[in-house]
2 protein chains.
Amino acid sequence: MKSIGEAAAESGVSAKMIRHYESIGLVDAQRAANNYRTYGKDEVAVLRFIRHARALGFPLEDVRRLLDLWRDRNRASAEVKRLALDHVATLEAKADSLRAMATSLRHLAAHCHGDARPDCPIIAELEKKD
Amino acid sequence: MKSIGEAAAESGVSAKMIRHYESIGLVDAQRAANNYRTYGKDEVAVLRFIRHARALGFPLEDVRRLLDLWRDRNRASAEVKRLALDHVATLEAKADSLRAMATSLRHLAAHCHGDARPDCPIIAELEKKD
DNA sequence: GTGGGGCTTCCCAATATGGGAAGGTCAAGG
DNA sequence: CCTTGACCTTCCCATATTGGGAAGCCCCAC
């Protein structure tokens, strides 16, 4: 049985986050006689799973569903796939939005002298009346 | 002189946000005898400026600097340009990060049957040991 | 038995936006 | 004159995720 520090080192999830995930019901922890949390291999595997899902940008509520599906041996892979593709759509929408901002701003900046003079199309765009 | 509701309608910034921007010192408001906030054309122009900057993804701290530069008639456009291009870099980094997640996940999903069977490469990836 | 490192809980911080309650103000209309 | 409704005020709370830090307990090594 590992302490929270060991579980953190093994799973790559900070102790702080492990406690947080427990507080929102994503992970379980046994308690030793001294009230310290203890973790077995299963819990560490859950933590690693969460870390991987987070690395793919899944919000914690999605992670919760993924964990449920993971534990469900009778899951339909269709459900996992739907969850994943919905998330992909969300990611791509956000990426598109950010890239659109970047492109607009880059165009504006391209026309800015960028010297000591005050006039600047970026500022001009921001102060437009529409 | 406009009320906060009128300033909101004219600027496209919600009354809630106008109050918030005031609380963090981005905007100023005069008070009428009844303690209601009042706004002139200048303040509405500031609010519009903020909305445009936010639409380009500038965080409020950047907006604060942009407002200072806007008000400074002796500004060097180089400063505005640097701020903008730094922000563009941030936006593109985030967009790239999101797109990388989307691409990985899309590849995983492409190999998922997506039927009633439980086995799924997405889940398999998440439970990997590394 | 003391020091240090790890553990506990609890509060606060950041981001930006909004919901909603409780109460003040004002104009219109019965 | 009084009510009603629309607008304003302030204050608290919520969202999502991660971290910093304090105060205090636990245990091992020296």
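Residue positions are counted from 1 within each chain, in the order its sequence is given. In the order they appear in the text, chains get letters beginning with A and ligands get numbers beginning with 1. Totals for whole chains, interfaces and linings use every residue, but because this is a predicted model, local features are given only for residues with pLDDT of at least 70 and side-chain atom pairs only at 80 or more, for both listing and counting. Side-chain figures throughout are based on the complete set of non-hydrogen atoms in the structure, without hydrogens or water.

- Chain A has the name Cu(I)-responsive transcriptional regulator in an unreviewed UniProt entry, where Plastoroseomonas hellenica is given as its organism.
- UniProt positions are given in the numbering used here, feature names are shortened, and annotations may be inferred rather than shown by experiment. UniProt annotates chain A under Subcellular location (unreviewed entry) with the comment "Cytoplasm".

### A few points about the packing of aromatic side chains
Residue and element names in this part refer to chain B.
Then, in step 1: Under the pairing criterion, centres of Phe, Tyr and Trp rings, with the six-membered ring standing for Trp, must be within 6.5 Å; the plane angle then separates stacked pairs below 30 degrees from edge-to-face pairs above 60, leaving the rest tilted. Applying the stated criterion to the full structure yields 2 aromatic pairs over all chains.
Then, in step 2: A ring pair is formed by Phe49 and Trp70, whose centres lie 4.3 Å apart and whose planes are at 10 degrees; its orientation type is stacked. Separated by 21 residues along the polypeptide, Phe49 in helix H3 (residues 41-55) and Trp70 in helix H4 (residues 60-71) bring together distant segments of the chain. Put simply, DSSP marks the helices as runs of H or I at least four residues long and the strands as runs of E at least two long, and each gets a number from the N terminus on.

### Remarks on the protein's contact with DNA strand D
Then, in step 1: If even one non-hydrogen atom of a residue comes within 4 Å of a molecule or strand, that residue is called near it. By nearness alone, 18 residues border DNA strand D, and A:Lys16, A:Tyr21, B:Gly5, B:Arg19 and B:Arg37 come closest of all.
Then, in step 2: Counting only the atoms of DNA strand D that lie within 4 Å of the protein, the sugar and phosphate share comes to 69%.
Then, in step 3: In this structure, A:Lys16 approaches DNA strand D through a side-chain N or O atom, which is 2.5 Å from a base oxygen.
Then, in step 4: Looking at the surface near DNA strand D, the elements that each hand over two or more residues are helix H2 (15-23) of chain A together with helix H1 (4-11) of chain B.
Then, in step 5: The element best represented in the surface near DNA strand D is H2(A), accounting for 4 residues. Pairing of N or O atoms within 3.5 Å defines a polar contact, subject to two protein rules: one partner must be a possible hydrogen donor and the other a possible acceptor, and residues neighboring in sequence count only if both atoms are side-chain atoms.

### Some remarks on the environment of A:Val80
Then, in step 1: Position of A:Val80 among the secondary structure elements: in helix H5 (residues 77-110).
Then, in step 2: Discounting chain neighbours no more than four positions away, the residues touching A:Val80 are A:Leu66, A:Leu69, A:Arg75, B:Cys120, B:Ile122 and B:Ile123. Contacts were defined at the residue level, with two residues in contact if any of their heavy atoms lie within 4.5 Å.

### Section: the relation of the copies chain A and chain B
Then, in step 1: In screw terms, the move from chain A to chain B is a rotation of 180 degrees and a rise of 0.0 Å along the axis, fitting with an RMSD of 0.0 Å. Within this description, the copies of the chain are treated as partners about a two-fold rotation axis. In terms of proximity to the rotation axis, the leading residue of chain A is A:Ala95, whose C-alpha is 2.2 Å off the axis.
Then, in step 2: Interface overlap between copies is the fraction of interface residues in one copy that are interface residues in the other; for chain A against chain B it reaches 100%, indicating a shared surface. Here the copies are superposed with least squares, the fitted atoms being C-alpha atoms of residues at a pLDDT of at least 70 in both.

### Details of the domain arrangement of chain A
Residue and element names in this part refer to chain A.
Then, in step 1: In terms of domains, chain A is made up of domain 1 (1-60) and domain 2 (76-130).
Then, in step 2: With centres defined by C-alpha atoms, the gap from domain 1 to domain 2 works out at 36 Å.
Then, in step 3: At the junction of the two partners, domain 1 supplies 4 residues and domain 2 supplies 4 residues.
Then, in step 4: Joining two parts hides part of their accessible area as seen by a 1.4 Å probe, and the buried area is that hidden amount summed over both. Between domain 1 and domain 2, the buried area comes to about 240 Å², and carbon and sulfur atoms account for 75% of it.
Then, in step 5: When the buried area of domain 1 at its contact with domain 2 is split by residue, Leu56, Gly57 and Phe58 rank highest and sum to 92% of it.
Then, in step 6: The nonpolar class holds Ala, Val, Leu, Ile, Met, Phe, Trp, Tyr, Cys and Pro. Asp, Glu, Lys and Arg form the charged class, and all remaining residues, Gly among them, are polar. Residues belonging to the side of domain 1 that touches domain 2 are distributed by class as follows: 3 nonpolar, 1 polar and no charged. Domain start and stop positions are those given by an automatic or database domain assignment.

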